[in-house]
Amino acid sequence: MVHNSDCSYSANVNYTISTTAGTPAGTYPVTFNASGSGCTSTTSAQLTVYAVPTVNLQCKSTAAGFSECPISISSGGAVILNWSSADATSCTATGPASWAGTKAASGTQTISNVTANSIFGLSCTGPGGTSPVDNFDVRILSVDLIAVPSSGTAPLNNVNLTATASGTSTGTYRYFFD
């Protein structure tokens, strides 16, 4: 601190420094100047800017590779969640009870017996704040089949079958009758 030797002062000052969005993480020199009544004061400090954490949550069924959302599984199936983060010290999961709670900054977890459409969310916290939530949708794929007429005697001819698929899936649907 440099000051005019003819001045005597004592100050306890709190400074609030705002950075703009996108300010790169790092350490920056800051100089504070104060003057008045013939007195001047200059002091220097270092300002540390921390990056806001980022998180990447991916999911897969037991039969597929990791992907972005959404995915579809059969009721009672399992999903494997894989996540990583940067500039984070801990993470918080939201969604089904089997997933929700405190998580490490990276990891893998298998969720078994998924029976309802679910949204798995994850946000991470670090010195720079809290990341936005990364959500992952898991949808239950089901097919309802209606036969008209629904009963009769063998052989059953001229039956109309209507299939209604729900959930989201890609690929070929095959129906087998026993």
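Up top is the structure.
Residues numbered from 1 in each chain as written. Predicted model: local features only at pLDDT ≥ 70, side-chain atom pairs only at ≥ 80, totals over all residues. Heavy atoms only, no water.

J.: Please set out the pairing of strand E12 (residues 134-148) residue by residue, giving values where relevant.
T.: Here strand E5 (residues 71-74) pairs with E12 via four bridges, running parallel. If you follow Ser72 over to E12, its bridge partner there is Arg139. Summarising the sheet, strand E10 (residues 118-126) and E12 pair through five bridges and their orientation is antiparallel. Paired with Gly121 across the strands is Asn135, a residue of E12. (Pairing = 2+ DSSP bridges. Helix = DSSP H or I, 4+ residues; strand = E, 2+ residues; numbered from the N terminus.)

J.: Just give me the short version of the packing of aromatic side chains, but keep the residues and values in it.
T.: One pair of aromatic rings is described through two measures. These are the centre distance and the angle between the planes. In total, this model carries two aromatic pairs according to the counting rule given. Between Trp83 and Trp99, the aromatic rings sit 5.2 Å apart at their centres with planes inclined by 80°, giving edge-to-face as the arrangement. On the criterion of sequence distance, the pair formed by Trp83 in strand E6 (residues 77-86) and Trp99 in the loop between strand E7 (90-94) and strand E8 (101-103) is long-range, its members being 16 residues apart. In this pair, the class of Trp83 matches that of Trp99, namely buried. Pairing Trp99 with Phe120 gives two aromatic rings, centres 6.3 Å apart and planes at 70°, and the pair type is edge-to-face. On the criterion of sequence distance, the pair formed by Trp99 in the loop between E7 and E8 and Phe120 in strand E10 is long-range, its members being 21 residues apart. In this structure Phe120 comes out as buried when scored by relative accessible area, which is 0%. The structure contains a cluster of three or more aromatic residues connected by ring pairs, namely Trp83, Trp99 and Phe120. (Phe/Tyr/Trp six-rings, centres within 6.5 Å; stacked < 30°, edge-to-face > 60°. Buried < 20%, exposed > 50% of the residue type's maximum accessible area, 1.4 Å probe, protein only.)

J.: Tell me about the sheet that holds E6, residues and numbers included.
T.: To summarise the sheet geometry, strands pair through backbone hydrogen bonds and adopt either a parallel or an antiparallel arrangement. The antiparallel open sheet is built from three strands, whose spatial order is E4-E6-E9. Edge positions in the sheet fall to strand E4 (54-61) and strand E9 (107-114), since each of these pairs with one other strand and no more. Ignoring which end each strand starts from, the neighbouring axes of this sheet average 20° apart. As judged from the eight bridges shared by E4 and E6, these two strands associate in the antiparallel manner. The residue of E6 that forms the bridge with Gln58 is Asn82. (Axes fitted to C-alpha atoms, helices over the stretch in contact; angles between N-to-C directions.)

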